[in-house]
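# Breakdown of the fold
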Amino acid sequence: MLRFVRMSGVVRGRPIYLLENWTLSNSQNLGSPSLRRWLHGSQIQRHGNVTRPDPGTGIKLHFKDSKGNLLKTIEANEGDDILSLAHEHDIDLEGACEGSVACSTCHVILSPEHYDLLPEPSDDENDMLDMAFGLTDTSRLGCQVHITRELDEMTAILPSATRNMFVDGKKPTHH
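In this report, the structure presented in the accompanying data block is examined. No experiment lies behind these values; they were computed from the predicted model shown.

Below, the discussion takes up the side chain of T138. Looking at the secondary structure, you find T138 in the loop between α4 (123-129) and β6 (139-141). At 2.8 Å, the side chain of T138 forms a polar contact with the backbone oxygen of L110. Among residues more than four places away in sequence, those in contact with T138 are V108, I109, L110, P112 and Y115.

Now the structure itself:
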């Protein structure tokens, strides 16, 4: 049950309304043009939604294990993040918080020449990196590294272990 309560604000000459207590009997009014101006939606943005590029057209990213052995070379689109790419290509990168910067389980070690091309990590990312296992000077959270053309041929090394404060041993699943 929702109803409109008039607020004192005005935008472009129109009053601003707060939606509260609208009854089901008034639901036929949802189609009115004046109401549709105030009630609108936007497309849902989902993390981890990766579209694979056509072979030979993507940005190459190499995943290696902690010993330097190549796990897989993949192709990515500009804007994809390393965590989502790893999950899409079945690479064992955990991501317990699903990219919300609340853990360090997607910690990766990047090649120094590519690390320098990235923007500085945020304070939240640095706080989580402080808890990462095997932290290095070129460590980043995979969920925070978005691929650009300049990062073509970048190597992401997976550390030998992760610290998961939530549940140790949880494996990532596709959404």
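That was the structure; now back to the text.
Under the definition given, this model contains two salt bridges. Residue E88 pairs with R52 through a salt bridge whose shortest N-O separation is 3.0 Å. A residue pair is termed long-range when its members are at least 10 positions apart, and E88 in helix α2 (residues 82-88) and R52 in the loop between α1 (33-38) and β3 (59-64) qualify at 36 residues. A relative accessible area of 24% places E88 in the partly exposed class. Residue classification places R52 among the partly exposed residues on the basis of a relative accessible area of 47%.

Moving on: the nonpolar core. If you look at the biggest cluster of nonpolar residues, it comprises 28 residues, and the most contacted ones within it are L61, F63, I82, L93, L110, I147 and M154. The leading source of residues in this core is α2, at four residues.

Glancing now at the sheet that holds β6. Taken in spatial order, the five strands line up as β4-β3-β7-β5-β6 in an open sheet, and their pairing is mixed. Of all the strands in the sheet, just β4 (70-76) and β6 have a single pairing partner and so form its edges. The mean angle between the axes of side-by-side strands here comes to 35 degrees, regardless of whether they run parallel or antiparallel.

This next bit is on the environment of C103. Note on placement: C103 falls in the loop between α2 and β5 (107-110). Under the relative-accessibility criterion, C103 is labelled buried at 10%. Residues C103 and L129, 26 residues apart in the sequence, show an inter-C-alpha distance of 8.2 Å. Once residues lying within four places of it in the same chain are set aside, the contact partners of C103 are A96, C97, M128 and L141.

Parameters at a glance
- Residues numbered from 1 in each chain as written.
- Predicted model: local features only at pLDDT ≥ 70, side-chain atom pairs only at ≥ 80, totals over all residues.
- Heavy atoms only, no water.
- Helix = DSSP H or I, 4+ residues; strand = E, 2+ residues; numbered from the N terminus.
- Polar contact = N/O pair within 3.5 Å; in protein donor to acceptor, adjacent residues only side chain to side chain.
- Contact = heavy atoms within 4.5 Å.
- Salt bridge = Lys/Arg side-chain N within 4 Å of Asp/Glu carboxyl O.
- Buried < 20%, exposed > 50% of the residue type's maximum accessible area, 1.4 Å probe, protein only.
- Core = buried A, V, L, I, M, F, W, Y, C linked by side-chain atoms within 4.5 Å.
- Pairing = 2+ DSSP bridges.
- Axes fitted to C-alpha atoms, helices over the stretch in contact; angles between N-to-C directions.

Honestly, it's all geometry; don't read function into it.
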